[in-house]
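Close look at the chain arrangement
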Amino acid sequence: MTRVTAVVGALVFLCLASLSVAFVSEASAQQSVIQQIRVEGNQRIEAATVVSYMTIRPGDPVDAAEIDRSLKTLFVTGLFADVTLRQEGDVLIVSIVENPIINRVAFEGNRKLDSDDFEEEIQLKPRVVYTRSKVQTDVQRIIELYRRSGRFAATVEPKVIQLPQNRVDLVFEINEGPVTGVRRINFLGNKKFSAGRLRQEIATKETRFWRFLTSNDNYDPDRLTFDREVLRRFYLARGYADFRVISAVAELTRDGKDFFITFTVDEGERYRIGEVGINTQLAELDPETLRPLIEFEEGEIYNAEKIDGTIDALTFAAGVRGFAFVDVRPRVRRDRDNQLINITFEVNEGPRVYIERINIVGNTRTLDRVIRREIALVEGDAFNRVLIDRSKARIRGLNFFSEVEINEEPGSAADRTVLTVEVEEQSTGELSIGAGFSSTDSIIGDFSVSERNLLGRGQFVRLRVSVSRRRQQVDIRFTEPYFLGRNLAAGFDLFRIRTDFEDESGFDTESIGLGLRTGFPLTRFGRLSTRYTLRQDDIKVDDFACTFGFISLSVCSAAGETTSSILGYTYFYDRRDDPIEPSRGWDVNLSQDVAGIGGTEAYLRTEVRSNWYHPIPLFGAENIIANLRVTGGYIFGLGRDVRLNDRFFRGGPTFRGFETSGIGPRDIVTSDAVGGQLFGIGTAEVVFPLGLPDEFGIKGAIFSDVGTLGIVDEDQFTTNVDDSLGLRLSVGVSLLWDSPFGPIRLDFANPLIREPFDQEEAFRFSAGTRF
């Protein structure tokens, strides 16, 4: 009985215990539900905004994981410096400390870099929430800017100034430190080219005192990466197809002031061109008609640049023949045993892609049509990489923009693409003052105001005033590059020119007139220009000197006013590799003018000029450039004599070794030059480096000028005029300096063949600048 009683008692106890636990659990669950979320400490941010960032909501049961997640979410917003969550009964209390708002950002201690440069780079701005992480990120960005400018010792210390209403001023205190230079650039593994030759090619230079005007002698890791590519292109253009840069290492010196830079290279073998062929699956495209477009021949030194040029030429030629979707790929096979590279150009049809739309962005001033007319493609045309690259070059050539990029984006279909032309405007107006000196004109002053992009229409206008001892000129020029919406340049000129020929021929001239001109391309390399000029000339002489024979009778007879109505053209064909500093190629300029369509003068003038440039590979150098130049002209009267000021005068800069107007027909009594109607001059010149650093910009030259000038048809006034067409020859040397103040040239010449009445000039100097 006792045992049964004990069992029953135990069962009763267990039941009561279970009911008690259930009751407590239910009561506990009811107390763990969040009924309210209260935000404390907020000043600018609404409480509802704070709650919206949290993952836990009123009515949710208390969950430690959700509370932790809400805490992290609030911190991630970057709005709060501190956040705490605590529970009081069924209320969840969120205590926050808001991050301050930045009132002002300032920079102190920066002298080498502008504050504007920093403001474009950093994240923190006025009225932006302040956070420590953003401050540290901005500090690193400022330091990176200084490293790019060569200052690796620069330090940045951020300072925070507390202001009322939870605002702060943020000040970056900058210690720029010294410029970190490049003490030495070394090359390892180079056998074919000396270290000095390779140093000339790369952009990074060793620190020297004369490089104070450039920053290329500061260490820049981005520039070092660019130099690796420069070296690769240098070797590939000279036959070293296996060349590679193994490493480019920069080591800081112990004093922390400079870097040692070491390039380790593997040159490989030098290859020549082996078999060259063209294969195509396009039946209408004959490979033999494309073969002349290949820019190299078998046996030549391999040159990667010529391969790229051939690809462009073949792509363009196939497009002209109607194959817009052509794909040209060179298939290269190396014959390492014989150091030959066999190349086959595969010309096949590529994927068909059309231009859906062309967008232009960034042109805040220049009109869209000014840019669009330089683009060689329109909406609906077949996509053509060569024409896109050519369009980019043409837009750059306008010189209206500091940056030009053409990007491709997917269109509305797989065979559609959208071109976006991004430009960045730059200043196109120019106020310039020039100064110079020459042994002919003495001191020269020049003032001009010009605008290359008038009202954003691409028009050019210029007012120029030029004054020297010998010549004074005022002119106004206007050019519309696309007259009537066509690729036809048109413009006008108004001018007044006064020239002093007293020393050479005993007279002065004053010319006043206007000119109309047009120009348009005939081919990719040829351009034709036409012009009309109406000019009034006044030749002034000293009557007393004429009366007593101190001035040539031929000069005195030309005194007085005349009017010339001149119609002419110029054809220019240019195959040079660079219009500013050509190293190879040639050009031809032919011009003719006919006067007599009204006015008092009637003649036909013809002039021709041609240049040929080619590098001379002496002593392994590639910057020795030979230039052969030929100029000639002939003018004859149409029913009347050719007037004095319409003849040719040569010498000085046009024939070194002789004074200005120092050769040609001359009055042997008065020594006055009277000019000639026929001339021909040939020049051979070789420009070479002098072994000085390229930054000096100093080169030498040797030259020889040969030619003649003669023929005067005024028989009644040429009794004392020696009109010999004798050959003249001079040789000499030149010193050329592309100085920071402008180009300077010194010519030392010695005439070897001359006429007795010619006037010699052994030294000639000219210099000029524009600022």
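A short tour of the structure in this document, coming up. (Residues numbered from 1 in each chain as written. Predicted model: local features only at pLDDT ≥ 70, side-chain atom pairs only at ≥ 80, totals over all residues. Heavy atoms only, no water.)

On to the overall build of the chain, then. Looking only at helices and strands, the chain features 14 helices and 33 strands. Its C-alpha atoms give the chain a radius of gyration of 40 Å, more than 25% over the compact-globule value 28 Å for 771 residues. A principal-axis box enclosing the C-alpha atoms of the chain has dimensions of 170 × 70 × 60 Å. Burial status across the chain gives 41% buried among its 771 residues. Here the contacts in the chain between residues at least 6 apart in sequence split such that 58% fall between residues at least 24 apart. Between the averaged position of the 94 positive side-chain charges in the chain and that of its 115 negative side-chain charges there is a distance of 3 Å. (Helix = DSSP H or I, 4+ residues; strand = E, 2+ residues; numbered from the N terminus. Rg over C-alpha atoms; globule rule 2.2 N^0.38 Å. Buried < 20%, exposed > 50% of the residue type's maximum accessible area, 1.4 Å probe, protein only. Contact = heavy atoms within 4.5 Å. Lys, Arg positive; Asp, Glu negative; His and termini not counted. Charge placed at Lys NZ, Arg CZ, Asp CG, Glu CD.)

Okay, the pattern of salt bridges next. As a working rule, side chains carrying opposite charge can pair if their charged atoms are close by. Enumeration according to the criterion identifies 43 salt bridges in this entry. Note that D415 is salt-bridged to R416, the shortest N-O span being 3.0 Å. D415 sits in the partly exposed class, given a relative accessible area of 29%. Residues participating in the shared-partner salt-bridge network are R656, E685, D705, R745 and D747. (Salt bridge = Lys/Arg side-chain N within 4 Å of Asp/Glu carboxyl O.)

Next up on the list: the environment of A673. Mapped onto the fold, A673 is located in the loop between β27 (666-667) and β28 (678-689). Between the C-alpha atoms of A673 and T289, which are 384 residues apart in sequence, the distance is 56 Å. When residues no more than four places from it in sequence are discounted, the contact partners of A673 are E504, S505, F649, S661, P665 and R666.

Of note, D227 is situated in helix α7 (residues 221-236). In this structure, D227 is buried with no salt-bridge partner, the nearest side chain bearing the opposite charge being R223 at 6.1 Å. Here A203 takes part through its backbone nitrogen, which lies 2.7 Å from a polar atom of the side chain of D227. What D227 contacts, discounting residues up to four positions off in sequence, is I202, A203, T204 and F263. (Polar contact = N/O pair within 3.5 Å; in protein donor to acceptor, adjacent residues only side chain to side chain.)

On the surface, a cluster of nonpolar side chains totalling about 860 Å² of accessible area is made up of L431, F447, V449, L463, V474, I476, F492, L494, L514, L516 and L534. If you list the elements that add at least two residues to the nonpolar patch, you get β17 (442-454), β19 (471-480), β20 (489-501) and β21 (507-521). Summarising the element assignment, L534 is placed in strand β22 (residues 526-540). Take L534: its relative accessible area is 36%, and that puts it in the partly exposed class. (Patch = residues over 30% accessible without salt bridge, like charges linked within 9 Å, V, L, I, M, F, W, Y side chains within 5 Å. Areas by Shrake-Rupley, 256 points an atom, 1.4 Å probe, with all protein chains shown as cover.)

Here 3 strands make up an open sheet; going across it, the order is β10-β12-β11 and the pairing mixed. Looking at strand neighbours, the two that pair on one side only are β10 (272-280) and β11 (326-335), the edges of this open sheet. On average, adjacent strands in this sheet sit at an angle of 20° to one another, irrespective of strand direction. Pairing geometry for β10 and strand β12 (residues 340-349), over 7 bridges, is parallel. Of the residues in β12, the one forming a bridge with I273 is I341. (Pairing = 2+ DSSP bridges. Axes fitted to C-alpha atoms, helices over the stretch in contact; angles between N-to-C directions.)

Below, the discussion takes up α7. Its 16 residues place the ends of α7 23 Å apart at the C-alpha level, agreeing with the 22 Å of an ideal helix rising 1.5 Å per residue. If you check which residues of α7 are buried, you get R223, L224, D227, V230, L231, F234, Y235 and L236. Of the residues that open α7, the one with a side-chain oxygen 3.0 Å from the backbone nitrogen of D222 is D220. (Expected span 1.5 Å × (residues − 1).)

Bringing the pairing of β11 into the picture now. Sheet topology note: the β11/β12 ladder contains 10 bridges and is antiparallel. Within β12, the residue paired with P330 across the bridge is F345.

A word on unusual backbone geometry. Phi is positive for N166, which is not a glycine, with a value near 55°. Summarising the element assignment, N166 is placed in the loop between β5 (155-163) and β6 (167-175). Residue N399 is not a glycine yet carries a positive backbone phi of 65°. Structurally, N399 is set in the loop between α11 (385-397) and β14 (401-410).

Here the focus is helix α3 (residues 64-76). The terminal C-alpha atoms of α3, which comprises 13 residues, lie 19 Å apart, in line with the 18 Å expected from a rise of 1.5 Å per residue. Buried within α3 we find I67, S70 and L74. An end-on view of α3 places all buried positions within 60° of arc, on one side of the element. Of the exposed residues in α3, the ones pointing more than 90 degrees away from its buried face are A64, K72 and V76. In this structure, the buried residues of α3 make contact with α2 (47-53), β2 (80-88) and β3 (91-98). Sitting at the amino-terminal end of α3 is D63, which places a side-chain oxygen 2.9 Å from the backbone nitrogen of A65. Backbone geometry just downstream of α3 places G78 in the positive-phi region, at approximately 75°. (Arc of directions from axis to C-beta.)

A few words on the nonpolar core. F296, Y302, I343 and F345 are the most contacted members of the largest nonpolar core, which totals 25 residues. A per-element tally of this core places helix α9 (residues 304-320) first, with 6 residues. Filtering out sequence-adjacent residues up to four positions away, Y302 remains in contact with L236, A237, R238, G239, A241, Y271, R272, I273, I307, I341 and I343. The next biggest cluster of nonpolar side chains, apart from the first, holds 20 residues, and it includes F107, L113, I122 and I174. (Core = buried A, V, L, I, M, F, W, Y, C linked by side-chain atoms within 4.5 Å.)

With that settled, the discussion passes to the sheet that holds strand β13 (residues 354-361). With mixed pairing, 3 strands are arranged side by side in an open sheet as β13-β15-β14. The open sheet has two free edges, formed respectively by β13 and β14, since each of these has just one partner strand. On average, each strand axis in the sheet is inclined to that of its neighbour by 20°, with strand direction left out of account.

Here we come to the side chain of T417. Within the secondary structure, T417 sits in strand β15 (residues 416-425). Residue class for T417 comes out buried when judged on its relative accessible area of 8%. A polar contact is formed between the side chain of T417 and the backbone oxygen of E409, at a distance of 3.1 Å. With residues near it in sequence (within four places) discarded, T417 still touches V353, Y354, I355, E356, R357, F383, E408, E409 and G411.

A complete count under the given rule lists 26 aromatic pairs for this structure. One aromatic cluster is present, formed by F193, F234, Y235, Y240 and F243 through successive ring pairs. We note R575 situated over the ring of F525; from NZ or CZ to the ring centre the distance is 3.9 Å. (Phe/Tyr/Trp six-rings, centres within 6.5 Å; stacked < 30°, edge-to-face > 60°. Lys NZ or Arg CZ within 6 Å of the ring centre and 35° of its normal.)

Another aspect to go through is the environment of S402. Checked against the element boundaries, S402 lands in strand β14. As for S402 and N645, which are separated by 243 residues in sequence, their C-alpha atoms are 44 Å apart. With residues up to four places along the chain from it excluded, the contact list for S402 reads E424, E425 and Q426.

Purely spatial values, then, with no claim about function.
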